[in-house]
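Fold and geometry: a report
The residues making up each chain are set out below.
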Amino acid sequence: MFLSIDDLNDWEGGMGGNRQAKTPHLDQLFERSVLFTNAHCSQAVCAASRNSLLSGIHPSTSGWYTSTASMRKTYDQVMGEHKMLPQHFRDSGYQTFAAGKVFHQGVSDYKERTQDFWDETAPGYKVPKRLLARGDGYGGKHFYPFPKNGSQIIDRYGQGFSDGNSLCYGALDRDDMPGGKMFDELIADWAVEQLAQEHTKPFFMAIGFVRPHVPYTAPKEFFDLYDLDDIQVPEVPDDEMSDVPIMGKSIAYGTIKTGDHYAVVNLSDTYWKEMVYGYLACVSFVDAQAGRVLDALSNSQYADNTIVVLWSDHGQHLGEKKHWRKQSLWEESTRVPLCFHVPGAAAGQRHNAVSLLDVYPTLVELCDLPPAPKLEGESLVPLIIDASVSREHPVLSSWYYGNYAVRSDRWRYIHYRDGSEELYDHQSDPGEHTNLASSPEFESVIADHKKWLPPNGALPAGKDKWEGDKLDRRIRDWEQNDSIPDWLN
């Protein structure tokens, strides 16, 4: 059982990221599993993270940083004879099923190869025009529905702010949903139905839930679990960005033309709190859907011989580092819940830094599959079996070409492509508020982490030279016009 939850950060009781979060079903799974509390993605954006996990290849090797179109064009070049994880299971005798968002665009990012990955897939989400209109052109029907009155960002600032139309929230009634159900509810229905059937072959069942991905909409009853007046927003010092290099500021700025954080905090005195409220409601909603599937598995004939792995593709900022969504190299973007429930194995927590790249080789070993040729992660089986095991290898995360974070058990080191750096000590500064990179006393720590940077990271797939990107263009504009926003200084 391969359970993915989109944009889920550490706001679960078992992970401790937000004590207000109500996630009883995920917490129950964590308690009977091996939970990795210091797991991180290869890149904090959907397409790159999912294709990295499913291929077992890091973006700095594949060049798969952003565009699924470029991934399709370079698939043969990158993969060769290597296979995506579900195809490796299928070719090894497993029956493979998929529902929801497993790859970035659903059950596959490679339409012509979908039948190589899956024996059976669930239907997609059909959204009528009247509900599509609320999204103001936002792509990806599986992310709908939007709030009753559309995006608060557009309502407040106008159509010129359509890049921020998804930073919105709202409680929904059943007539706000296609057929009266959210997509995640249909995904859970399909999985429950599959688990009630007789399967003559071992199965690999991938269930990809969409929430808490933006927009932060969910059935009203999940908003009712929380009191808006009691919601706490993350603690962010006023001078949070003062010691962050300009490349980090450019990343934090986001996509809205005034900057994401500026748009959120200036929409109203309470909108930041409302966004946290919406995210928490969505987390509780998806917790309930995952709980339905996990209960169905527990009550099925497959309960005692089915491995469960639960993961998210990346984290999510809710204003930390004055940043929103994912798409950065800081802790809130890269850290994810990752747990393995292996029948017969003892439960417990592991605090070693581990990567989502490790999922593929772990499942290969647990299921005694043939080796796969290009895997860049390490099997977590030794850590699952023995809590005392340690390992040297930290986690490498990238953001676009040439920007990297190296996360070890204690430290986060960030190296931007312009040579600027950040260093955070998670032992004393878990919120990453104080950049230690300029302090001479930490030179050896930086050197220890710097050695894990790729010496020659791959250019973006399909490119033969580096010509810069929107981060560089934004920085040039700021420098030429002396216009770094005050809120980023």
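Predicted model only: the values in this text are computed from it and were never measured. (Residues numbered from 1 in each chain as written. Predicted model: local features only at pLDDT ≥ 70, side-chain atom pairs only at ≥ 80, totals over all residues. Heavy atoms only, no water.)

A look at the packing of aromatic side chains
Two numbers describe a pair of aromatic rings. These are the distance of the centres and the angle of the planes. Stated precisely, the cut-off is as follows: In summary, the pairing rule links any two rings of Phe, Tyr or Trp, Trp by its six-membered ring, whose centres are within 6.5 Å, and it sorts them by plane angle into stacked for under 30 degrees, edge-to-face for over 60 and tilted for everything else. Think of it this way: any DSSP run of H or I at least four residues long counts as a helix, any run of E at least two long counts as a strand, and we number them from the N terminus. The buried label goes to any residue with under 20% of its type's maximum accessible area, the exposed label to any with over 50%, and the partly exposed label to all in between, with areas taken from a 1.4 Å probe on protein chains only.
As enumerated under the stated definition, the model contains 33 aromatic pairs in all. Consider the rings of Y125 and F183, whose centres lie 5.0 Å apart with planes at 15°: the pair is stacked. Of the two residues, Y125 is situated in the loop between strand 4 (120–121) and helix 8 (129–132) and F183 in helix 10 (residues 183–195); the sequence distance between them amounts to 58 residues. Here Y125 and F183 have matching classes, each one buried. An aromatic cluster of at least three residues, connected via ring pairs, comprises F2, F89, Y94, W118, F204 and W311.

Focus: the packing of helix 1 (residues 24–31) against helix 14 (residues 271–298)
For any two helices packed against each other, the geometry comes down to the angle between their axes and how far apart the axes lie. Here is the rule we go by: Orientation is described by axes fitted as lines to C-alpha atoms, over the contacting stretch for helices, and by angles from 0 to 180 degrees between their N-to-C directions. If an angle is under 35 degrees, it is roughly parallel; if it is over 145, roughly antiparallel; if it lies from 65 to 115, roughly perpendicular; otherwise it is oblique. Contacts are assigned to residue pairs with any non-hydrogen atoms lying within 4.5 Å of each other. Note on residue classes: Ala, Val, Leu, Ile, Met, Phe, Trp, Tyr, Cys and Pro are nonpolar, Asp, Glu, Lys and Arg are charged, and everything else, Gly too, is polar.
Two elements in contact, helix 1 and helix 14, have axes separated by 7 Å at closest approach and are oriented at 50°. The orientation of helix 1 with respect to helix 14, classified from their angle, is oblique. The residues of helix 14 that touch helix 1, namely those facing P24, H25, L26 and L29, are D287, A288, A290, G291 and L294. Of the residues belonging to the contact of helix 1 with helix 14, the class tally is six nonpolar, two polar and one charged.

Comments concerning empty space enclosed by the protein
To be explicit about the condition: Both site types are read off a 1 Å grid over the protein atoms alone. A 1.4 Å probe that fits but cannot get out defines a cavity, while an open set with protein on both sides within 12 Å along at least five of seven lines defines a pocket; lining residues have an atom within 4 Å of a point. Grid points are joined across faces, edges and corners, and a volume is the space filled by probe spheres set on the points.
Scanning the model with the defined rule gives one cavity of 30 Å³ or more in all. In this structure, the largest cavity is lined by H142, Y144, M182, F183, D184, V210, R211 and F285. Tallied by class, residues from the lining of the largest cavity come to five nonpolar, one polar and two charged.

Details of helix 2 (residues 46–55)
Judged by how many residues are buried, helix 2 sits mostly within the fold: ten of ten residues are covered. Those residues of helix 2 that fall on the buried side of the exposure criterion are C46, A47, A48, S49, R50, N51, S52, L53, L54 and S55. Just downstream of helix 2 lies G56, where phi reads positive at about 80°.

Brief notes about the sheet that holds strand 16 (residues 411–415)
Hydrogen bonds between backbone groups are what pair the strands of a sheet, and the pairing can be parallel or antiparallel. Going by this rule: Each pair of strands is called paired provided DSSP finds at least two bridges between the two strands.
The strand order 14-15-16-17 describes an open sheet built from four strands, whose pairing is antiparallel. At either margin of the open sheet sits one strand with a lone partner, and together these are strand 14 (395–398) and strand 17 (421–425). Within the sheet, the average angular offset between the axes of one strand and its neighbour, ignoring direction, is 15°. Strands strand 15 (404–407), strand 16 and strand 17 of the sheet are contacted by helix 18 (residues 443–450), whose axis makes an angle of about 75° with strand 16.

Brief notes about helix 16 (residues 359–366)
Structural remark: α-helix, 3.6 residues per turn; residues separated by three or four positions point the same way. Of all the eight residues making up helix 16, six are buried; the element is thus mostly covered by neighbouring parts of the structure. Buried residues of helix 16: V359, Y360, P361, T362, L363 and V364, and no others. Just downstream of helix 16 lies D368, where phi reads positive at about 55°.

Side note on the nonpolar core
Heads up, the rule is: Remark: nonpolar core denotes a set of buried residues (Ala, Val, Leu, Ile, Met, Phe, Trp, Tyr, Cys) joined through side-chain atoms within 4.5 Å.
Counting 75 residues, the largest nonpolar core has M1, L3, L195, I207 and F209 as its most contacted members. If you tally residues by element for this core, the top one is helix 14, at 18 residues. Leave out the neighbours within four places in its chain, and I207 touches M1, F2, L3, S4, A99, I187 and A191. Listed in part, the 47 residues of the second largest apolar core include Y94, F204, V359 and I384.

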